[in-house]
Amino acid sequence: MKKQLAYFLMLFWCISTQAAVVDDMLASYKADGASDFSASRGEVMWNKDYPDPDSAGKVRNCTTCHGKDLRAKGKHAKTGKVIDAIAPSVNSERFTDPKFIEKWFKRNCKWVLDRECTSQEKGDFLVYLRNK
Amino acid sequence: MTTPDSTNKMLVWDLPTRVFHWFFVLCFIVAWITHENDRFLYEHVYAGYVFFGLLIFRLLWGWVGSHYARFRTFAYDWPSVTSYLKGLLNGQAMRHIGHNPAGGWAIFIILILAVLVSISGLLVFGGEEGHGPLKGIISYDLGSAAKEAHEFFAIAMLLVVFIHVAGVVVESFYHKENLIWAMISGQKPAADDAFQVRLYPLIAVIVLSTIVISATFYFRGYITQTDAKPFIPFSSPALPSNATWVTECGECHLAFHPSLLPARSWLRLMQDQADHFGEDLSYDDETTKEITEFMVKNSAENSPTEPAHKIKASVSVNDAPIRITETGYWKRKHEEVDEKYWMSPGVKSKTNCAACHLDAKTGWFEDSNMRLPKLVKEK
């Protein structure tokens, strides 16, 4: 019983950190000038193809590495290293560390879109992914 | 040649001498076969240990063993050898119950070379590999130099072994007695002046059981290993680590140990972090500084491992490769790896060291801690 309670509290703590972290980030994006965020806009962008600057005819998108199923593990496009699932419903560590999120937004937007994402786009991604 | 079961046989070679002889042969063969592939260093070293142990036994047995096993019974001066060899040519060479003068010399030369092979092998193992009884006592450079000597003595010993075998064959036909069978059965046709020797079975059993027990102990990891937890033959003390390095450098690929490239390579790599093989790492100054310091401090120049020494030696001082796969040592070591292994689903990328090197994470990359992956079709 005590154990169950402990698990419940841990889960609750994770979910609440997640919620708080994402809310804080959304607020700061808004402060940067973003307007209301849209999960459906985020979803469209998540699945959109961008030309691969390294090989003509090929495309890159978020699922290249994260996989089509957000709840499944992904694979690094170059090295093949396994990437933990991005959906917070199966991976409670997701969206709990603002520094980590910003680092990967920067890296991955540059790799897929060949530019950094705007605050609006990052917010759209977050509201799309947070409930997955 | 006399058949083994002909009349009037007598025991010439006691049992310990025969056990020594054939296991010594076996160790020599195993050591030759296993030296070809670094992957079998663990087995090579075991063959070497048994070889050395048997050698020490034989050196003692040469003083306290049965008559024909004792050194003084086949220690002939050089003129005896030349007159024996001349005798062979003009058909007057005398039959010897024990070793003949030429054979006796071959035995002594083989034993001396065996001592040199064993000692130089221990030097290489202690210096270059950092294992065995001389670990920590012998410098890497001395171990590395001993490797040349080890190879030289082994080749020299092989040559004398060929001469020994050729002599045995010639002598067998010449005196019409099967000397190879004599080393198995221990028996030879009797002669008037011959010495009756004892069998010493107990000593032979002790020698044999020492080999069997030590082999079981040494190789027990192969018996108890599973697919999920393969046996890792060599383990070494952990090299320095750093939490930031482990997490930051291990997110997209194996956190390559700093000992795998020279410091100048790491400096260049970290300076170019905004274009890290096409990706922007975007580390803040603090993270960059911490990782750079750790990499430089533990670079190939500053690490005790064999790959560190060899990578450092294989990179020209004017070069600062940013891929480990660009170093001469890496290329040399992997040129024989078949393309099908690189393409197999368990490997896929040359960054995936751990697909074959069970201890890739530790940075040691021990020779025997390496397995080619099973080739399975991707589902």
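Remember, it's a predicted structure, so these values are computed and weren't measured experimentally. (Residues numbered from 1 in each chain as written. Chains lettered and ligands numbered in written order. Predicted model: local features only at pLDDT ≥ 70, side-chain atom pairs only at ≥ 80, totals over all residues. Heavy atoms only, no water.)

Undergrad: Hey, could you run me through the confidence of the model for chain B in this one?
TA: Any residue range with low pLDDT should be treated as having predicted coordinates unsuitable for detailed reading. Residue and element names in this part refer to chain B. Model confidence for chain B is summarised by a mean pLDDT of 93, while 97% of its residues fall at 70 or above. The low-confidence segment residues 1-6, where pLDDT is below 50, has 12 contacts with residues more than four positions distant or belonging to other chains. ipTM for the predicted complex: 0.81, alongside a pTM of 0.86. (pLDDT = per-residue confidence, 0-100. Contact = heavy atoms within 4.5 Å.)

Undergrad: Mind showing me how you'd approach the state of the cysteines here?
TA: Put plainly, two cysteines are in a disulfide when a covalent bond ties their sulfur atoms together. Residues and elements named next belong to chain B. Overall, the coordinates contain 1 disulfide over all chains when judged by the stated rule. Unpaired in this structure, Cys249 has its nearest cysteine sulfur neighbour in Cys252, at a distance of 9.9 Å. Residue class for Cys249 comes out buried when judged on its relative accessible area of 16%. (Disulfide = S-S within 2.5 Å. Buried < 20%, exposed > 50% of the residue type's maximum accessible area, 1.4 Å probe, protein only.)

Undergrad: Whenever I open this one, the interface of chain B and chain A confuses me. Can you help?
TA: Frequently, the measure chosen for interface size is the accessible area removed from exposure when the parts meet. Each partner contributes residues to the interface: chain B has 17 residues there, and chain A has 13 residues. With both chains or domains summed, chain B and chain A bury close to 1,400 Å², and 42% of this area falls on carbon and sulfur atoms. Our enumeration of links across chain B and chain A arrives at 6 salt bridges. A salt bridge links Asp280 of chain B to Lys106 of chain A, with the nearest nitrogen and oxygen atoms 3.9 Å apart. For the side of chain B that touches chain A, a count of residues per class yields 4 nonpolar, 7 polar and 6 charged. (Buried area = accessible area lost by both parts, 1.4 Å probe. Salt bridge = Lys/Arg side-chain N within 4 Å of Asp/Glu carboxyl O. Nonpolar A, V, L, I, M, F, W, Y, C, P; charged D, E, K, R; others polar.)

Undergrad: How should I be thinking about the packing of aromatic side chains in this particular structure?
TA: For any pair of aromatic rings, geometry is given as the distance between the ring centres together with the angle between the planes. This model, assessed by the stated rule, comprises 29 aromatic pairs over all chains. Arranged with centres 6.3 Å apart and planes meeting at 85 degrees, the rings of Phe28 of chain B and Trp32 of chain B form a pair that is edge-to-face. Highlighted residues: Phe28 of chain B and Trp32 of chain B, both in helix α1 (residues 15-34), separated by 4 residues, approximately one helical turn. Look at Trp32 of chain B and you get partly exposed, because its relative accessible area is 26%. Between Tyr42 of chain B and Phe231 of chain B the ring centres are 5.7 Å apart and the planes differ by 70 degrees, which places this aromatic pair in the edge-to-face class. Pair noted here: Tyr42 of chain B is in helix α2 (residues 41-64) and Phe231 of chain B is in the loop between α8 (220-224) and α9 (243-249), with a separation of 189 residues, a long-range link. Across the pair, Phe231 of chain B and Tyr42 of chain B agree in class, each one buried. In this structure, Arg107 of chain A packs its charged tip against the face of Trp104 of chain A, placed 4.5 Å from the ring centre. Sitting above the plane of the Phe217 of chain B ring, Arg220 of chain B keeps its charged end 4.2 Å from the centroid. (Phe/Tyr/Trp six-rings, centres within 6.5 Å; stacked < 30°, edge-to-face > 60°. Helix = DSSP H or I, 4+ residues; strand = E, 2+ residues; numbered from the N terminus. Lys NZ or Arg CZ within 6 Å of the ring centre and 35° of its normal.)

Undergrad: For this particular structure, what's the right way to read the nonpolar core?
TA: Where a protein is soluble and globular, its nonpolar side chains tend to be buried together. Residues and elements named next belong to chain B. Ranked by internal contacts, the top residues of the largest apolar core, which has 37 residues, are Phe24, Phe51, Leu54 and Met157. Contributing elements (two or more residues each) for this core: α1, α2, α4 (101-127), α5 (140-174) and α7 (201-218). Element by element, the count of residues in this core is highest for α2, at 10 residues. Aside from chain neighbours lying at most four places away, what touches Phe24 is Phe51, Leu54, Leu55, Ile110, Ala114 and Met157. (Core = buried A, V, L, I, M, F, W, Y, C linked by side-chain atoms within 4.5 Å.)

Undergrad: Whenever I open this one, the side chain of His150 of chain B confuses me. Can you help?
TA: All names here are of chain B. Turning to its location among the elements, His150 is positioned in helix α5. Within the local environment of His150, its side chain forms a polar contact with the side chain of Ser120, the two groups lying 3.2 Å apart. Not counting chain neighbours up to four residues away, the residues in contact with His150 comprise His44, Val117, Ser120, Gly121 and Val124. (Polar contact = N/O pair within 3.5 Å; in protein donor to acceptor, adjacent residues only side chain to side chain.)

Undergrad: Could you clarify how one ought to interpret the packing of helix α10 (residues 263-271) of chain B against helix α11 (residues 285-297) of chain B in this entry?
TA: Residues and elements named next belong to chain B. The interhelical angle for the contact between α10 and α11, taken along N-to-C directions, is 165 degrees, at an axis separation of 9 Å. Classed by the angle they form, the pair α10 and α11 counts as roughly antiparallel. Relative to α11, the crossing made by α10 is right-handed. Packed against α10, whose contacting residues are Ala263, Trp266, Leu267 and Met270, the element α11 presents Thr288, Ile291, Thr292, Met295 and Val296 at the interface. The class makeup of the residues in the contact of α10 with α11 is 7 nonpolar, 2 polar and no charged. (Axes fitted to C-alpha atoms, helices over the stretch in contact; angles between N-to-C directions. Parallel < 35°, antiparallel > 145°, perpendicular 65-115°, else oblique. Left-handed = near helix turned anticlockwise from the far one by under 90°.)

Undergrad: Can you walk me through the packing of α2 of chain B against α4 of chain B in this structure?
TA: For any two helices packed against each other, the geometry is given by the interaxial angle and the distance between the axes. Residues and elements named next belong to chain B. Orientation of α2 relative to α4, taken along the N-to-C sense of each, is 140 degrees, at an axis distance of 10 Å. Overall, the two elements α2 and α4 adopt an arrangement that is oblique. Judged by the sense of rotation from one axis to the other, the crossing of α2 with α4 is left-handed. Across from Leu41, Val45, Tyr49, Phe51, Phe52, Leu55, Arg58 and Leu59 in α2, the residues of α4 making contact are Leu111, Ala114, Val115, Ser118, Leu122 and Phe125.

Undergrad: It is not clear to me how the environment of Ala355 of chain B should be interpreted in this structure. Could you clarify?
TA: All names here are of chain B. In this fold, Ala355 is placed in the segment after α14 (339-343). Between the alpha carbons of Ala355 and Pro345 there is a distance of 9.9 Å; along the sequence they are 10 residues apart. Sequence-distant contacts of Ala355, defined by excluding residues within four places in its chain, comprise Gly346, Val347, Arg371 and Pro373.

Undergrad: So what exactly am I meant to see when it comes to α4 of chain B here?
TA: Side chains of residues three or four places apart in an α-helix project in the same direction, reflecting 3.6 residues per turn. A rise of 1.5 Å per residue sets the reference length of α4 of chain B, with its 27 residues, at 39 Å; its end C-alpha atoms lie 39 Å apart and thus fit the reference within 8%. The backbone nitrogen of Ala102 of chain B has a side-chain oxygen 2.9 Å away, supplied by the residue at the start of α4 of chain B, namely Asn100 of chain B. (Expected span 1.5 Å × (residues − 1).)

Undergrad: Could you clarify how one ought to interpret the domain arrangement of chain B in this entry?
TA: All names here are of chain B. Split into domains, chain B comes out as domain 1 (9-218) and domain 2 (243-369). Contact with domain 1, which involves 11 residues of that partner, is made by 7 residues of domain 2. Taken as a group, Asp38, Glu129 and Tyr140 account for 59% of the area that domain 1 buries against domain 2, more than any other trio of residues on that side. Counting across the domain 1 and domain 2 interface gives 2 salt bridges. In this structure, the salt-bridge partner of Asp38 is Lys333, at a minimum N-O distance of 2.5 Å. One can count 6 residue pairs in polar contact (both at pLDDT 80 or more) joining domain 1 with domain 2. Among the secondary structure elements, those contributing two or more residues to the side of domain 1 that touches domain 2 are α2 and α5. Take the side of domain 1 that touches domain 2: its biggest share by element is 3 residues, from α2. A class-by-class count of the residues in the side of domain 1 that touches domain 2 yields 4 nonpolar, 1 polar and 6 charged. (Domains from an automatic or database assignment.)

Undergrad: How should I be thinking about unusual backbone geometry in this particular structure?
TA: As a rule of thumb, non-glycine residues mostly have phi less than zero, and peptide bonds are mostly trans rather than cis. All names here are of chain B. If you check the backbone angles, Lys348 has positive phi at about 65 degrees while not being a glycine. Mapped onto the secondary structure, Lys348 falls in the segment after α14. The residue Phe365 is not glycine, and still its phi comes out positive at about 50 degrees. Mapped onto the elements of the fold, Phe365 is located in the segment after α14.

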